[in-house]
Structures are given as C-alpha cells and as structure tokens.
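Geometric and topological summary
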Amino acid sequence: MEKPGRQSGDEASNRSHPGACVDQQGFPCEWRCINFLCERDGVEGARDYCRRTSSTYRNAVLMSRKRGHAHPHFASLPEYRRAFIASYLDFKRFAMGRGGMPLSAPQSSQRRH
C-alpha cells in the first residue's frame with residue numbers, strides 16, 4: 001500500500017519535476033539549472049559542475065546490459081536514455097563554451113562594485 005500523497009512509479013515517471021524545462025521534443029532542458037549555478041557559483045563554478053555532471057550522465061547511459069554490465073544504471077533504460085542524453089548535451093555544450101551564457105547571467109558591465 002502506498003503512502004497518501006505519493007505517486008506510483010509510473011505516474012511519477014510520466015511527469016517532470018516542478019519547474020522543469022523541456023524542449024520542443026519533450027526532452028529536459030538544463031539551462032534553468034545552469035543559469036542558477038552561474039548566479040550562485042559564477043561561470044567557472046557552473047562550468048566545473050557541467051563538466052562533472054556531463055561525465056556522470058554519459059557513464060550512466062553507457063552502463064547497460066548490452067555493454068556487459070550485470071547491474072545496468074536506470075539511465076541506460078529506453079524510457080530514460082533520451083532524457084539523460086539531452087541533459088548531457090546541454091551540460092557539455094555549456095562546459096565546452098559552445099552554449100553561450102544563460103539568459104540572466106550577470107553581464108560584466110551590469111555588475112555592482
């Protein structure tokens with residue numbers, strides 16, 4: 001029996017978390033997270049986070065039974081794989097400097113001294 005107010009796994013997996021951003025194909029968009037990190041930790045801190053997280057997501061997607069892992073990571077399962085790859089690409093794009101700045105990152109001329 002489930003606790004009141006909790007959703008079954010199927011119901012929870014069909015919805016993204018509150019405030020989640022999705023692109024036109026319904027994949028997660030991590031730019032809201034990256035924007036928050038830039039504001040909180042600065043651009044270099046956000047780039048570091050994106051490098052580490054993209055590596056973690058990539059490794060998780062590759063941990064599948066097809067590749068010989070006895071215990072595959074759930075990110076390698078078909079229902080999660082595309083979303084993890086889309087997030088990985090957003091993080092990698094920003095970490096490699098190809099994604100530009102998040103929308104509300106402070107501009108150098110707008111900073112207060």
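Located above this text is the structure these notes cover.
Residues numbered from 1 in each chain as written. Predicted model: local features only at pLDDT ≥ 70, side-chain atom pairs only at ≥ 80, totals over all residues. Heavy atoms only, no water.

Some words on the overall build of the protein
Put simply, the test is: Secondary structure elements are taken from DSSP: a helix is a run of H or I of four residues or more, a strand is a run of E of two residues or more, and numbering for both begins at the N terminus. Burial classes follow relative accessibility: with a 1.4 Å probe on protein chains only, a residue under 20% of its type's maximum area counts as buried, one over 50% as exposed, and anything between as partly exposed. Here, residues are in contact when the closest pair of their heavy atoms is within 4.5 Å.
The helix and strand inventory of the protein stands at three helices and two strands. From first element to last, N terminus to C terminus, the protein shows the α and β order α-β-β-α-α. When burial is assessed residue by residue, the protein has 23% of its 113 residues classed as buried. Sequence-distant contacts, at least 24 apart, represent 55% of the contacts inside the protein between residues at least 6 apart.

A short note on the pattern of salt bridges
For clarity, the cut-off: Salt bridges are defined by distance alone: a side-chain nitrogen of Lys or Arg within 4 Å of a carboxyl oxygen of Asp or Glu.
By the definition in use, this model includes four salt bridges. Among the salt bridges present, the one from D41 reaches R40, with a minimum N-O distance of 2.9 Å. Classification of D41 as partly exposed rests on a relative accessible area of 37%. The salt bridge involving D90 is made with R93; its shortest N-O contact spans 3.1 Å. Of the two residues, D90 and R93 both sit in helix 3 (residues 78-95), three residues apart, roughly one turn of that helix.

Comments concerning the packing of helix 2 (residues 31-62) against helix 3
Just so we agree on the cut-off: Axis lines are fitted through C-alpha atoms, for helices just across the contact stretch, and the angle between N-to-C directions can take any value from 0 to 180 degrees. The cut-offs work like this: below 35 degrees is roughly parallel, past 145 is roughly antiparallel, 65 to 115 is roughly perpendicular, and the gaps in between are oblique. For a crossing to be left-handed, the near helix must be turned anticlockwise from the far one by less than a right angle; the clockwise case is right-handed. Asp, Glu, Lys and Arg are counted as charged, while Ala, Val, Leu, Ile, Met, Phe, Trp, Tyr, Cys and Pro are counted as nonpolar; the rest, among them Gly, fall into the polar class.
Two numbers describe how helix 2 lies on helix 3: the axes approach to 7 Å, and their chain directions differ by 130 degrees. Taken together, the axes of helix 2 and helix 3 are oblique relative to one another. Seen along the crossing, helix 2 lies across helix 3 with a hand that is left-handed. Residues of the contact of helix 2 with helix 3, tallied by class, amount to 15 nonpolar, three polar and six charged.

Remarks on a positive patch on the surface
Applicable threshold: Each patch is assembled from residues with relative accessible area greater than 30% and no salt bridge, linking like charges that lie within 9 Å and nonpolar side chains (Val, Leu, Ile, Met, Phe, Trp, Tyr) that lie within 5 Å. A 1.4 Å probe and the Shrake-Rupley method give the accessible areas. Residues count as covered only by the protein chains that appear here. Asp and Glu are treated as the negative residues and Lys and Arg as the positive ones, with His and the ends of the chain left uncounted. A charge is said to be at NZ when it belongs to Lys, at CZ for Arg, at CG for Asp and at CD for Glu.
A cluster of basic side chains, namely R58, K66, R67, K92 and R98, defines a positive patch on the protein surface. By the element assignment, K92 lies in helix 3.

Digging into the packing of aromatic side chains
To keep it simple, the criterion reads: Ring geometry is summarised as follows: Phe, Tyr and Trp rings, the Trp one being its six-membered ring, pair when their centres sit within 6.5 Å, and such pairs are stacked at plane angles under 30 degrees, edge-to-face over 60 and tilted between the two. As a reminder, the over-ring test applies to NZ of lysine and CZ of arginine, requiring each to be within 6 Å of the ring centre and within 35 degrees of the ring normal.
If you walk through the whole model with that rule in mind, you get six aromatic pairs. When the ring of W31 is compared with that of F94, the centres are 5.9 Å apart and the planes differ by 80 degrees; the resulting orientation is edge-to-face. Residue W31 is found in helix 2, and its partner F94 is found in helix 3; the two are separated by 63 residues along the sequence. Relative to Y80, the ring of F74 has its centre 5.2 Å away and its plane inclined at 90 degrees; by these criteria the two rings are edge-to-face. By way of ring pairs, the aromatic residues Y49, Y57, F74, Y80, F84 and F91 are connected into one cluster. The residue whose ring lies beneath R47 is F94, and the NZ or CZ to ring-centre distance is 4.6 Å.

Description of helix 2
Spacing of three or four residues puts side chains on the same side of an α-helix, whose turn is 3.6 residues. Defined as follows: Here the expected length of a helix is defined as 1.5 Å per residue gap, with one fewer gap than residues. Bend angle per residue: angle between axes fitted to the 7 residues ending at that residue and the 7 residues starting there.
With 32 residues, helix 2 extends just 23 Å between its outermost C-alpha atoms, more than 12% less than the 46 Å of an ideal straight helix rising 1.5 Å per residue. D41 marks where helix 2 bends most, by close to 125 degrees. Among the residues of helix 2, W31, I34, N35, L37, C38, A46, R47, C50, T53, S54, A60 and V61 are the ones counted as buried.

Points about the side chain of S64
Here S64 is to be found in the loop between helix 2 and helix 3. The exposure class of S64 is buried, given its relative accessible area of 10%. If we ignore the near neighbours within four places in the chain, the residues touching S64 are H69, P72 and S76.

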